[in-house]
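A look at the structure
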Amino acid sequence: MVTIAKAVNTALNADGAALRVRVLTPAVHLGVLDYVPLDQPPQPGQFVRVPLGQRKVIGVVWDTHGLSSHHVAAEKLRPILEVLDVPALPLETLRFVEWVANYYLAPPSAVLKMAMSVREALESQPTALMYAKNGAPLDRLTPKRKAVLNALRADEWLPAPDIARRAGVSSAVVLGLAKAGGLGVRSVAKDQPYPWLDFTQLDVTLSPAQREAADQLWVHAQDTSQPLLLDGVTGSGKTEVYFDVLARCLAEKGGQALVLLPEIALSTQWLARFEARFGSKPVLWHSGLGVAERRRAWRAIISGAAQVVVGARSALFLPFAQLSLIIVDEEHDPAFKQEDGINYNARDMAVVRASLSKAALVLASATPSLESLTNAEKGRYTVVTLKERHGEAILPDIELIDLREDALNANEWLSAPMRAGIAQAVEAGNQALIFLNRRGYAPVTLCRSCGEKLECPQCSAWLVEHRFDNALHCHHCGFSMPKPKACPACDKVDSLVPCGPGVERLAEEVAALFPNARILQMTSDTMGRAHRTQDIIDIIERGAADIIIGTQLVSKGYHFPNLTFVGVPDADMGLGGGDLRAAERTFQQMTQVSGRAGRGQKRGRVMLQSYMPEHAVMQALASGQRDQFLRQEAAARQRRMLPPFGRLASVIVSGKGEAETLKAAQAIARQAPQMPGVSVLGPAPAPLALLRGRYRMRLLLMAERSVYVPKVMREWMSRTQTTRAIRVTVDIDPYSFL
């Protein structure tokens, strides 16, 4: 366990002169190492270059109580090579790295890598040459050089390529004119400052209900000891409300704000609203950014120059110089749970980050998680509600279609009532949305001759047919192959048929039913890049699409005023399987996608097709009795001591061989904790028993709420021994049970 205590441990070397400095490097399995400072001991958080074996690596000055994990005699210590000219990691960031590492049983160096994820930002910053008129007289000017001078305004500095484009000449002409003395030259940093945001303007468009909610949030935000939950129905204007709080916070308190969005690369409408409100875009942080933009953002954040950062879950680890406010939008969204590497939950860690930074925290959602609602009920969170939609918009009516009565024909997925609902919306000049959370053409490809189902060779999962590239894909490991002409099991030609619908197959049916309608698909396959996302949003906003067919991406807060009908062909899809949150997630997803209808002045209508309309989720959706459903869901979880009333941790044991994986899992199970309030289930094959070529066994620890699970898990794992061929992954507070 790593604990920050003080700047440097003053242990002396053999002749009583040198200090011992603790440094944490990104070398995952080494932990904190000891070095000798060059002159004055560097301070905690400072970036240093140190020798590590034959390499030179960048680390951060750390400290521990007592000795480091690789203690060596003082006379054998190697010196720090360089203290980098970069602002130090703030103390709050160091404490946050420690907290995450301790809670999720992760190496501190692995967590630190997320805080110093842009190596280029730690090196000397790149510069660029800029050119401007200098008024120097020249004896002879060619027409091209005259064009360069005419293209530049007085006191305007530009790079050579920009001047060349404006003047209609090559960059060589610009450089030649500068060499001849006709242009002034200066070197500037390539990473220019971000535009300053305007937080002084009052948002006069807020309704009385929104203004009341914003005022309540701001009053409670003064006390940063308690998170705030903004619970507002879809279309109530939660974004504008927390924009108001953000503006007040940064105008009065200064500092920086972080807004976490579940799908930042797809939030083009959100960014446009932010720019309209504050005069410029925020600083973005997500995996789609290039190295240069990530370097620019990271440097601006650690220096305090970035006022508002909007990012995906990893933005939580950025080195904010002075964090005053964190906002987690769509706080219920499972995308905030990291499933690879360090399995952290960004919503939960936002609570920790805000506490360490003494920052206000706002969690916003139309369908808050049961965890957040339970915290509010117990007085740990303060709740502010928005019960009505903004303006003249009202919540849509939700109708249930019982597929046992309105039976579907073979190879059809839309019932007669749903077809009529779509037709009514389109004929009225409005837009219809059909939601099916299943990519591709068909989830299963079956041989009608021998019954063979095409399975991924690396995973225990069916291959999904995609017609757009005529291939079969595994959505778990990324394996793909061309669709074969013959069955690989029986060699029967043209015997492979699709089973079940994906969005591509649904689009095929819709096109046949509505041949004159303009149909658009919104999936990760069609919206993979930010510019493509913007193109699709523009098409819908200007009314150039009549029917939109989409997966979960369409439920991410989009606002289409002309969309009046939402249809869900398979509302039951998420209710199967062993996910303890299946009912809650289905309710949230159906509520969110239903909320896309009727957000303008036109009344919305929603149809959900179901084979079990009597299910509590379906009844709650149709009746609008959210609170009653959540009370029932909470009672059911409490009886079984499931989160948020109990605690869970999962252990996945994986290996190349099935027998050796089972043997290793059984050995780990024999070391399971034996203590009151704790039980362990398994080992058993994971639902995805083969993933990326590795066999997987699962154990699940269940504990009472009073048990501190990370400590129990750390002690358990310390008693286990495995070979290099076996991989053990611990997930504290798991969300996925695959």
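**Thoughts on the overall build of the protein**
The number of helices and strands found in the protein is 19 helices and 29 strands. In terms of C-alpha radius of gyration, the protein reaches 29 Å, essentially the compact-globule figure of 27 Å for 738 residues. A principal-axis box enclosing the C-alpha atoms of the protein has dimensions of 85 × 80 × 65 Å. Out of the 738 residues belonging to the protein, those deemed buried represent 52%. Looking at the protein alone, contacts between residues at least 24 apart form 75% of all its contacts between residues at least 6 apart.

**Some thoughts on the environment of His-29**
Position of His-29 relative to the elements: it lies in the loop between β1 (21–24) and β2 (32–35). For His-29, a relative accessible area of 74% translates into the label exposed. Counting along the chain gives 108 residues from His-29 to Pro-137, while the straight-line C-alpha distance between them is 64 Å.

**Quick word on the pairing of strand β26 (residues 646–655)**
Most of β26 sits inside the fold, with nine of its ten residues counted as buried. Of the strand pairs in this sheet, β26 and strand β28 (residues 694–704) are connected by ten bridges, and their pairing is antiparallel. Each bridged residue has a counterpart across the sheet, and for Gly-655 the counterpart in β28 is Tyr-695.

**Describing unusual backbone geometry**
With an omega of 10°, the peptide bond running from Pro-643 to Pro-644 counts as cis. With respect to the helices and strands, Pro-644 occurs in the loop between α17 (626–640) and β26. Omega for the peptide link from Gly-682 to Pro-683 comes to 15°, which places this bond in the cis form. As for its placement among the helices and strands, Pro-683 is situated in strand β27 (residues 678–691).

**Digging into the packing of aromatic side chains**
Using the criterion set out here, one finds 15 aromatic pairs in the structure. With a centroid separation of 5.5 Å and 70° between ring planes, the pair formed by Phe-243 and Phe-278 is classed as edge-to-face. Highlighted residues: Phe-243 in helix α7 (residues 238–252) and Phe-278 in helix α8 (residues 268–278), separated in sequence by 35 residues. Note on accessibility: Phe-243 and Phe-278 belong to one class, buried. Taken together, Phe-199, Tyr-242, Phe-243, Trp-270, Phe-274 and Phe-278 form an aromatic cluster joined through their ring pairs. A cation over an aromatic ring shows up here: Arg-581 above the ring of Tyr-735, its NZ or CZ 3.8 Å from the ring centre.

**Focus on the pattern of salt bridges**
Any two side chains of opposite charge can pair if their charged atoms end up close together. Evaluated as defined, the whole model comprises 35 salt bridges. Across the pair Arg-626 and Asp-231 runs a salt bridge, and its minimum N-O distance is 2.8 Å. With Arg-626 in helix α17 and Asp-231 in strand β8 (residues 228–232), this pair connects stretches of sequence that are 395 residues apart. A single burial state applies to Arg-626 and to Asp-231, both of which are buried. Salt bridges linked by common partners bring Arg-49, Glu-82, Arg-119 and Glu-123 together as one network.

**A word on the packing of helix α4 (residues 160–167) against helix α5 (residues 171–179)**
Close contact between α4 and α5 brings their axes to 8 Å; oriented N to C, the two are set at 115°. Of the possible angle classes, the one that applies to α4 and α5 is roughly perpendicular. Of the two possible hands of crossing, α4 and α5 adopt the one that is right-handed. Together, Ala-160, Pro-161, Ile-163 and Ala-164 of α4 and Ser-171, Val-174 and Leu-175 of α5 make up the contact between the two elements. Split by residue class, the contact of α4 with α5 holds six nonpolar, one polar and no charged.

**Concerning the nonpolar core**
Core analysis: the largest hydrophobic core is formed by 116 residues, its most contacted members being Phe-47, Trp-298, Leu-316 and Met-713. Counting residues per element, this core draws most heavily on helix α1 (residues 91–103), which supplies six residues. Not counting chain neighbours up to four residues away, the residues in contact with Met-713 comprise Leu-105, Ala-649, Val-651, Leu-701, Val-730 and Ile-732. Leu-197, Leu-230, Val-259 and Val-310 belong to the second largest nonpolar core, which has 36 residues in total.

**Thoughts on the environment of Pro-488**
Its location among the elements puts Pro-488 in the loop between β20 (480–482) and β21 (496–499). Exposure remark for Pro-488: the relative accessible area of 55% places this residue in the exposed category. Along the backbone, Pro-488 and Pro-79 are 409 residues apart, and their C-alpha atoms lie at a distance of 62 Å.

**A short note on the side chain of Arg-637**
Here Arg-637 shows up in helix α17. Of the polar contacts made by the side chain of Arg-637, one reaches the backbone oxygen of Pro-643; its length is 2.8 Å. Apart from the residues lying within four places of it in its own chain, the contact partners of Arg-637 are Leu-370, Glu-371, Leu-580, Arg-581, Glu-584, Leu-642, Pro-643, Pro-644 and Phe-645.

**So, the sheet that holds strand β16 (residues 431–435)**
Strands sit in the order β15-β25-β24-β16-β23-β22 across an open sheet of six strands; the sheet is parallel. Unpaired on one side and paired on the other, β15 (397–402) and β22 (519–522) mark the two borders of the sheet. Neighbour-to-neighbour, the strand axes of this sheet turn through a mean angle of 20°, independent of strand direction. As paired elements, β16 and strand β23 (residues 547–550) share four bridges and run parallel to each other. In the sheet register, Ala-432 faces β23, and the bridge partner there is Ile-547. Across the sheet, helix α16 (residues 616–623) touches β15 and β25 (605–610), and the angle it forms with β15 is around 145°.

**Things to note about the sheet that holds strand β13 (residues 360–365)**
What the seven strands build is an open sheet, ordered β10-β11-β9-β12-β13-β8-β14; its pairing is parallel. Strands with a single pairing partner mark the edges of an open sheet, and in this sheet they are β10 (283–285) and β14 (382–386). Across this sheet, the average inter-strand angle for adjacent strands is 20°, counted without regard to direction. Pairing of β8 with β13, which is carried by four bridges, proceeds in the parallel orientation. The partner of Leu-229 across the bridge, within β13, is Leu-363. The strands touched by helix α10 (residues 346–357) within the sheet are β9 (256–260), β12 (323–329) and β13, with β12 carrying the most contacts at an inclination of about 165°.

**Focus: the state of the cysteines**
One pass over the structure, following the stated rule, counts zero disulfides. Residue Cys-456 stays outside any disulfide, its sulfur separated by 3.6 Å from that of Cys-477, the closest cysteine.

**Description of the packing of helix α15 (residues 582–594) against α16**
Two elements in contact, α15 and α16, have axes separated by 10 Å at closest approach and are oriented at 30°. One way to sum up the angle between α15 and α16 is to call them roughly parallel. The two elements α15 and α16 cross, and the hand of that crossing is right-handed. Contacts between α15 and α16 involve Ala-583, Thr-586, Phe-587, Met-590 and Thr-591 from the first element and Val-617, Met-618, Ala-620 and Leu-621 from the second. For the contact of α15 with α16, the per-class residue count stands at seven nonpolar, two polar and no charged.

**Structural notes on the confidence of the model for the protein**
When pLDDT is averaged across the protein, the result is 89; 95% of the residues are at 70 or more. Across residues 1–18, confidence stays below pLDDT 50; counting only partners more than four residues off in sequence or on other chains, it has 50 contacts.

Calculation rules
Residues numbered from 1 in each chain as written. Predicted model: local features only at pLDDT ≥ 70, side-chain atom pairs only at ≥ 80, totals over all residues. Heavy atoms only, no water. Helix = DSSP H or I, 4+ residues; strand = E, 2+ residues; numbered from the N terminus. Rg over C-alpha atoms; globule rule 2.2 N^0.38 Å. Buried < 20%, exposed > 50% of the residue type's maximum accessible area, 1.4 Å probe, protein only. Contact = heavy atoms within 4.5 Å. Pairing = 2+ DSSP bridges. Phe/Tyr/Trp six-rings, centres within 6.5 Å; stacked < 30°, edge-to-face > 60°. Lys NZ or Arg CZ within 6 Å of the ring centre and 35° of its normal. Salt bridge = Lys/Arg side-chain N within 4 Å of Asp/Glu carboxyl O. Axes fitted to C-alpha atoms, helices over the stretch in contact; angles between N-to-C directions. Parallel < 35°, antiparallel > 145°, perpendicular 65-115°, else oblique. Left-handed = near helix turned anticlockwise from the far one by under 90°. Nonpolar A, V, L, I, M, F, W, Y, C, P; charged D, E, K, R; others polar. Core = buried A, V, L, I, M, F, W, Y, C linked by side-chain atoms within 4.5 Å. Polar contact = N/O pair within 3.5 Å; in protein donor to acceptor, adjacent residues only side chain to side chain. Disulfide = S-S within 2.5 Å. pLDDT = per-residue confidence, 0-100.

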